[in-house]
Amino acid sequence: MSTATSGGVRPSRVLLTGATGFVGSAVLRRLLHRNGPGGGTAVDVLVRAVPRDAGDRPGVRWRTADLTDPRSLDGVVRGADALIHLASRVSGEEAACTAINTLGTRALMAEAHRAGIARVVHLSTTAVYGPGPHRGIGVDEIAQAPVFAASRSRLAAEAPALAAGAVVLRPGLVLGRGDRWGCLPSPNSATVCRPAGTAAADCSLWSAGTTWRG
């Protein structure tokens, strides 16, 4: 059951994948921060294995499943009001990327459809457009030309996500606290890599990305 607030309708329970990753951990923090002292949105965090440092976090329920095993996903979305699917494989061979990114997403979206979830967010990548450079063009003005297995499989994953009614996000370079690369844009827009954890790395920036909705 969703809860009406002054800022709109807030889901009572969200199923979140990818919460142990860079983007997902930030989203989890944000969801919990929104709750405030009185609580609000409960978060079911879907992982292959519960982290050793997971601890007991109010509002969080850890659930185990494997995107490469559709049987483990049976009923996993049931009881949630919204699904935020951020888990993906960002490198590796074609078969491994397809198993997680494409087939795993398809299986999860099928579960969301069966559970009647109307609010779904799926994370893709601007890498589906190829190496670029791409400047000053709209979403529909560039052909999709992914180069690597990860980006090809993530592009293929968009179809089942859109069929499930998802909002598909294609972010570009994502930077901020906890970034293992430590790459930041310099004043002249070039990318400068610095050790993660420096003062300059303690910022948040989403580069220009795109949003698709079926």
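Notes on the structure in this doc start here. Remember, it's a predicted structure, so these values are computed and weren't measured experimentally.

## Considering the overall build of the chain
On a plain count of helices and strands, the chain comes out with 3 helices and 13 strands. For the chain, buried positions account for 39% of its 214 residues. If you sum the accessible surface of the chain, you get close to 12,100 Å²; carbon and sulfur atoms cover 54% of it.

## Topic: the packing of helix α2 (residues 94-115) against helix α3 (residues 149-163)
As a packed pair, α2 and α3 sit with axes 8 Å apart at the nearest point and diverge in direction by 15 degrees. Looking at the two axes, α2 sits roughly parallel to α3. Crossing geometry of α2 relative to α3 is assigned as right-handed. Of α3, the residues touching α2 (which contributes E94, C97, T98, N101, T102, T105, R106 and M109) are A149, A150, R152, S153, R154, A156, A157, P160 and A161.

## A short note on the environment of L16
Along the polypeptide, L16 turns up in strand β3 (residues 13-17). Under the relative-accessibility criterion, L16 is labelled buried at 0%. Distance from L16 to V27, taken between C-alpha atoms, is 8.7 Å for residues 11 residues apart in sequence. Beyond its immediate chain neighbours, meaning those up to four positions away, L16 contacts G24, V27, L28, L31, V43, D44, V45, L46, I84 and L86.

Rules and cut-offs
- Residues numbered from 1 in each chain as written.
- Predicted model: local features only at pLDDT ≥ 70, side-chain atom pairs only at ≥ 80, totals over all residues.
- Heavy atoms only, no water.
- Helix = DSSP H or I, 4+ residues; strand = E, 2+ residues; numbered from the N terminus.
- Buried < 20%, exposed > 50% of the residue type's maximum accessible area, 1.4 Å probe, protein only.
- Areas by Shrake-Rupley, 256 points an atom, 1.4 Å probe, with all protein chains shown as cover.
- Axes fitted to C-alpha atoms, helices over the stretch in contact; angles between N-to-C directions.
- Parallel < 35°, antiparallel > 145°, perpendicular 65-115°, else oblique.
- Left-handed = near helix turned anticlockwise from the far one by under 90°.
- Contact = heavy atoms within 4.5 Å.

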